[in-house]
Amino acid sequence: MLSPRIMKRESIVNLVFETKKVKDQIKQEGIYKAEGVELKFYENHEPEKTKYIGKISTGKTYFSGTLNWKFQRDGYCFNKYPNGDTFLGCFAEDERTKHGFYLWNPKRMASN
């Protein structure tokens, strides 16, 4: 089991966030910035329903959208995957829902 302050973000871009550090910095400064990562407070109803908005970019992967209190994609997001495919739509607890558009990389499709 992971310690409460560390959580892996493998499904987005293989990042590890120290959640307490990130949340504290957002509370104090209004924004968290690190290499390729920018997160801001979005809305809060109660601790386990806090939402963040941000963008994460590393190499060929790009994400922009809302994250839940566990820093999982949750809500409307734009996600470009390493293979060049793109999803624009809704996520729920880090899983794509059936609401959105998935666009395949034309270069990848041409090679098949």
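Counting restarts for each chain, with residues numbered from 1 along the sequence as it is written. Two thresholds apply to this predicted model, a pLDDT of at least 70 for residue-level local features and 80 or more for giving and counting side-chain atom pairs, whereas whole-chain, interface and lining totals are computed over all residues. Note that the side-chain values use all heavy atoms of the structure and ignore hydrogens as well as water.

A. Just the overall build of the protein chain, in detail. Secondary structure follows DSSP: runs of H or I at least 4 residues long count as helices, runs of E at least 2 residues long count as strands, and numbering of each begins at the N terminus. Within the protein chain, the secondary structure is distributed over three helices and nine strands. Across the protein chain, helices and strands are ordered from the amino to the carboxyl terminus as β-α-β-α-β-β-β-β-β-β-β-α. Note on classification: 1.4 Å probe, protein chains only; a residue is buried when its accessible area is under 20% of the maximum for its type, exposed when over 50%, partly exposed between these limits. Taking all 112 residues of the protein chain together, the buried fraction comes to 37%. Expressed as a percentage of contacts within the protein chain between residues at least 6 apart in sequence, the contacts between residues at least 24 apart total 17%. Two residues qualify as a contact provided that any one of their heavy atoms is within 4.5 Å of a heavy atom in the partner residue.

B. Broad picture of the confidence of the model for the protein chain. Values of pLDDT, the confidence the predictor places in each residue, fall between 0 and 100. Scored by pLDDT, the protein chain has a mean of 80; 79% of the residues are at 70 or more. Confidence over residues 1-14 falls short of pLDDT 50; this stretch has 39 contacts with residues more than four positions distant or in other chains.

C. The arrangement of the environment of Pro82 in detail. With respect to the helices and strands, the residue Pro82 is situated in the loop between strand S7 (73-80) and strand S8 (86-92). Pro82 sits 24 residues away from Thr58 along the chain, and the two C-alpha atoms are 9.4 Å apart. When neighbours within four sequence positions are excluded, Pro82 is seen to be in contact with Lys60 and Thr61.

D. Seen up close, the environment of Tyr42. With respect to the helices, strands and loops of the structure, Tyr42 is situated in strand S4 (residues 37-43). It is 7.8 Å that separates the C-alpha atoms of Tyr42 and Thr66, two residues lying 24 residues apart in sequence. When sequence neighbours within four positions are dropped, the list of residues in contact with Tyr42 reads Lys51, Tyr52, Ile53 and Thr66.

E. Here's a closer look at the pairing of S8. In terms of burial, S8 is a largely internal element, five of the seven residues being buried. Pairs of strands are assigned from DSSP output, requiring at least two bridges between the strands. Here six bridges tie S7 to S8, and the two strands are oriented antiparallel to one another. If you follow Lys80 over to S8, its bridge partner there is Thr86. Between the end of S7 and the start of S8, which pair antiparallel, lie five residues, with Gly84 showing a positive phi angle near 95°. Two elements, S8 and strand S9 (residues 95-103), share six bridges in a ladder whose sense is antiparallel. Residue pairing for S9: Ala92 is matched across the bridge by Glu95. The turn linking S8 back onto S9 is made up of two residues, and Glu93 within it adopts a positive phi angle of 50°.

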